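Geometric and topological summary
Residues per chain are reported as follows:
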Amino acid sequence: MTKEAALYNFWSMFGLPAYEENAVPSGEDGAKFPYITYQVVTDSFGNNVSLTGSVWYRSTSWKEANAKAQEIANLVGHGYTILCDGGSITMSMGHPAIQSLSDPDDATIKRRYLNITAIYNTLT
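Residues numbered from 1 in each chain as written. Predicted model: local features only at pLDDT ≥ 70, side-chain atom pairs only at ≥ 80, totals over all residues. Heavy atoms only, no water.

**Quick notes on the packing of aromatic side chains**
Threshold: Think of it this way: a Phe, Tyr or Trp ring, Trp meaning its six-membered ring, pairs with another when their centres are within 6.5 Å, and the plane angle makes it stacked under 30 degrees, edge-to-face over 60, tilted otherwise. Helix numbers and strand numbers start at the N terminus; a helix is a DSSP run of H or I with at least 4 residues, a strand a run of E with at least 2. Each residue's exposure class comes from its accessible area (1.4 Å probe, protein chains only) as a fraction of the maximum for that residue type: buried when under 20%, exposed when over 50%, partly exposed otherwise.
Overall, the coordinates contain seven aromatic pairs when judged by the stated rule. Judged by centre distance (5.9 Å) and plane angle (45°), the rings of Phe-10 and Tyr-80 are tilted. Within this pair, whereas Phe-10 is found in helix H1 (residues 3-12), its partner Tyr-80 is found in strand S4 (residues 80-84), the two being separated by 70 residues in sequence. Among the residues examined, Phe-10 registers a relative accessible area of 1% and is labelled buried. Taken together, the ring pairs connect Phe-10, Trp-11, Phe-14, Tyr-38 and Tyr-80 into an aromatic cluster.

Dropping the structure here:
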């Protein structure tokens, strides 16, 4: 499995649709709340890379967005490894771990932004 596919599978395991941040559907077939967006950044053996993911909800409350972000943070914690072609990717929570972001045009959009540090244990 490619690094990109491994990252997609990781973000998809939380019960919400997951989209690479540059490929979120729009228009009639656009993404429906709630969903996850994530960044694809890859590297090779032993290098630390910063990755981000966002949990998006439409609600008057932060409760669901907070719970989903915490679920992800609890799993990643201080080390969660996923397999990929040529090795693995080990992730841990970065700093700050989780941030709240709002949408200036829609107060019901709740976004929790997660910082993750990934170490690529791959040859290429």
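And the narrative resumes.
**Overview of the side chain of Ser-59**
As a reminder of what qualifies: Polar contacts, as counted here, are pairs of nitrogen or oxygen atoms within 3.5 Å of one another; within protein the pair requires one atom able to donate a hydrogen and one able to accept it, and residues that are adjacent in sequence qualify only if both atoms are side-chain atoms. The contact criterion used throughout is that any non-hydrogen atoms of two residues lie within 4.5 Å.
When you line up the elements, Ser-59 lands in the loop between strand S3 (47-58) and helix H2 (63-76). A distance of 3.0 Å separates a polar atom in the side chain of Ser-59 from the backbone nitrogen of Ser-61. Excluding residues within four positions of it along the chain, Ser-59 makes contact with Ala-107, Thr-108 and Lys-110.

**Here we look at the pattern of salt bridges**
Short version of the rule: The term salt bridge refers to a side-chain nitrogen of Lys or Arg lying within 4 Å of a carboxyl oxygen of Asp or Glu.
Following the criterion strictly, the structure yields two salt bridges and no others. Here Arg-58 makes a salt bridge to Asp-106, at a shortest N to O gap of 2.7 Å. One end of the pair, Arg-58, is in strand S3; the other, Asp-106, is in strand S6 (residues 106-122), and 48 residues separate them in sequence. Judged by relative accessible area, which is 45%, Arg-58 ranks as partly exposed. Residue Glu-71 is joined to Lys-68 by a salt bridge in which the shortest nitrogen-to-oxygen separation is 3.0 Å. Pair noted here: Glu-71 and Lys-68 are both in helix H2, with a separation of three residues, about one helical turn. By relative accessible area, which is 14% here, Lys-68 ends up buried.

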